[in-house]
2 protein chains.
Amino acid sequence: MRYRYDVYEDRCPTRMVLDRLADKWAVLVLDRLEDGPVRFNAIRREIKGISQKVLSQTLKRLERDGLVTRTVYPTVPVTVEYALTPLGRTLTETVSALAHWAEHNMDAVLAAQATYDAAGAR
Amino acid sequence: MRYRYDVYEDRCPTRMVLDRLADKWAVLVLDRLEDGPVRFNAIRREIKGISQKVLSQTLKRLERDGLVTRTVYPTVPVTVEYALTPLGRTLTETVSALAHWAEHNMDAVLAAQATYDAAGAR
DNA sequence: AAACGTGGTTTCCAATAGATACTAAGGAGA
DNA sequence: TCTCCTTAGTATCTATTGGAAACCACGTTT
């Protein structure tokens, strides 16, 4: 089965999408939204170390790509809720697997790094 | 089920791993290696637009993390072959899904971007 | 002897990432 | 009333990175 698009091609629009998706923060944000709508500062508090600017940019891109919706409730203070779109939902399984692969295989990676560094330090 | 590691934590070593894995070039390289060992310049030619420096860096990191092996054959000119390790192989399904999601959903993403940009241009 | 193919490293500049500080608008506490 | 808290961001500045291009050694072909 062939598609009109090919990530191996330069200038293919899929490259832009891959660039956004293959991003540490985007992966964590999508993973966090898997269980339902979440507010801006809730995401910010739970994804430790993310800055406001980066979170804002990441969400804006995901919204533009149709993966996330942004809903503003005129409460006081204003409430802004982010949620996955159906399109975004088709991605969560993959993204979640990527985000948590590291948790499952961290020991193996650390061991490999130690071996590599020891060999390199000859 | 709980692990000692948590990608949501700052300073957790999994963050470093996620940072390497959630990278456009790393994803493409891992996807390319799925079918068996490939030589440096073969990867370079097939992943259009990747520079030698970036490919070299990406492979070095993947090797350090124990995902890829580097084998030098003393031919003339020298042949260097890269291949997935068993650990790397546990990742290919996920990475491949991510790399090709864009190909399958590109039209939906482009449509979402057009809508978003049209609304923003008010 | 000049050019080519191998698998890189080095150099340089522009673009980006991230830390920090700031904004507005309302509510709560002193 | 004055100050501080919250919300969801934006603005500014700097350090790091990404990527293009040039360079390298080695041996072979032309």
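Residues numbered from 1 in each chain as written. Chains lettered and ligands numbered in written order. Predicted model: local features only at pLDDT ≥ 70, side-chain atom pairs only at ≥ 80, totals over all residues. Heavy atoms only, no water.

Asks: I'd love a proper account of the overall build of chain A, names of residues and values included.
Replies: Within chain A, the regular secondary structure consists of 5 helices and 3 strands. Listing each helix as α and each strand as β along chain A from the N terminus yields α-α-β-α-α-β-β-α. For chain A, whose C-alpha radius of gyration is 18 Å, the value lies well above the compact-globule estimate of 14 Å for 122 residues. In terms of overall dimensions, chain A has C-alpha extents of about 60 × 40 × 25 Å along its principal axes. (Helix = DSSP H or I, 4+ residues; strand = E, 2+ residues; numbered from the N terminus. Rg over C-alpha atoms; globule rule 2.2 N^0.38 Å.)

Asks: Give me the relation of the copies chain A and chain B: which residues, what numbers.
Replies: Between chain A and chain B, which share one sequence, the superposing operator has a rotation angle of 180° and an axial displacement of 0.0 Å; the RMSD is 0.0 Å. Here the symmetry operator amounts to a two-fold rotation axis. Nearest to the rotation axis, the C-alpha of Ala22 of chain A is located 2.2 Å from it, this being the minimum over chain A. When the interface residues of chain A are mapped onto chain B, 100% of them are again interface residues, pointing to one common binding face. (Least-squares fit on C-alpha atoms with pLDDT ≥ 70 in both. Contact = heavy atoms within 4.5 Å.)

Asks: Could you give an account of the interface of chain A and chain B, with specific residues and numbers?
Replies: Counting residues at the interface gives 57 residues for chain A and 57 residues for chain B. Around 5400 Å² of area is buried between chain A and chain B when both sides are counted, 65% of it from carbon and sulfur atoms. Considering only the surface of chain A that becomes buried against chain B, Tyr8, Arg64 and Trp101 of chain A emerge as the three largest contributors, covering 15% of it. The interface formed by chain A and chain B includes 8 salt bridges. A salt bridge links Asp107 of chain A to Arg4 of chain B, with the nearest nitrogen and oxygen atoms 2.4 Å apart. On inspection of chain A and its partner chain B, the count reaches 24 residue pairs in polar contact (both at pLDDT 80 or more). Broken down by secondary-structure element, the contributors of at least two residues to the side of chain A that touches chain B are helix H1 (13-21), helix H2 (24-32), helix H4 (52-64) and helix H5 (86-120) of chain A. Top contributing element to the side of chain A that touches chain B by residue count: H5 of chain A, with 23 residues. Broken down by class, the residue content of the side of chain A that touches chain B amounts to 29 nonpolar, 9 polar and 19 charged. (Buried area = accessible area lost by both parts, 1.4 Å probe. Salt bridge = Lys/Arg side-chain N within 4 Å of Asp/Glu carboxyl O. Polar contact = N/O pair within 3.5 Å; in protein donor to acceptor, adjacent residues only side chain to side chain. Nonpolar A, V, L, I, M, F, W, Y, C, P; charged D, E, K, R; others polar.)

Asks: I'd like a description of the protein's contact with DNA strand D, backed by residues and values.
Replies: Residues in close proximity to DNA strand D total 20 residues, the closest being Gln52, Arg70 and Tyr82 of chain A together with Trp25 and Lys53 of chain B. Of what DNA strand D places within 4 Å of the protein, 71% of the atoms are sugar or phosphate. Within the side chain of Asn41 of chain A, a nitrogen or oxygen atom sits 2.8 Å from a phosphate oxygen of DNA strand D. Trp25 of chain B places a polar side-chain atom, nitrogen or oxygen, 2.8 Å from a phosphate oxygen of DNA strand D. Elements supplying a minimum of two residues to the surface near DNA strand D: helix H3 (40-46), H4 and strand E3 (79-84) of chain A together with helix H4 (52-64) of chain B. Sort the elements by how many residues they give to the surface near DNA strand D and H4 of chain A lands first, with 4 residues. Each residue belonging to the surface near DNA strand D can be placed in one class, and the counts come to 8 nonpolar, 6 polar and 6 charged. (Near = heavy atom within 4 Å.)

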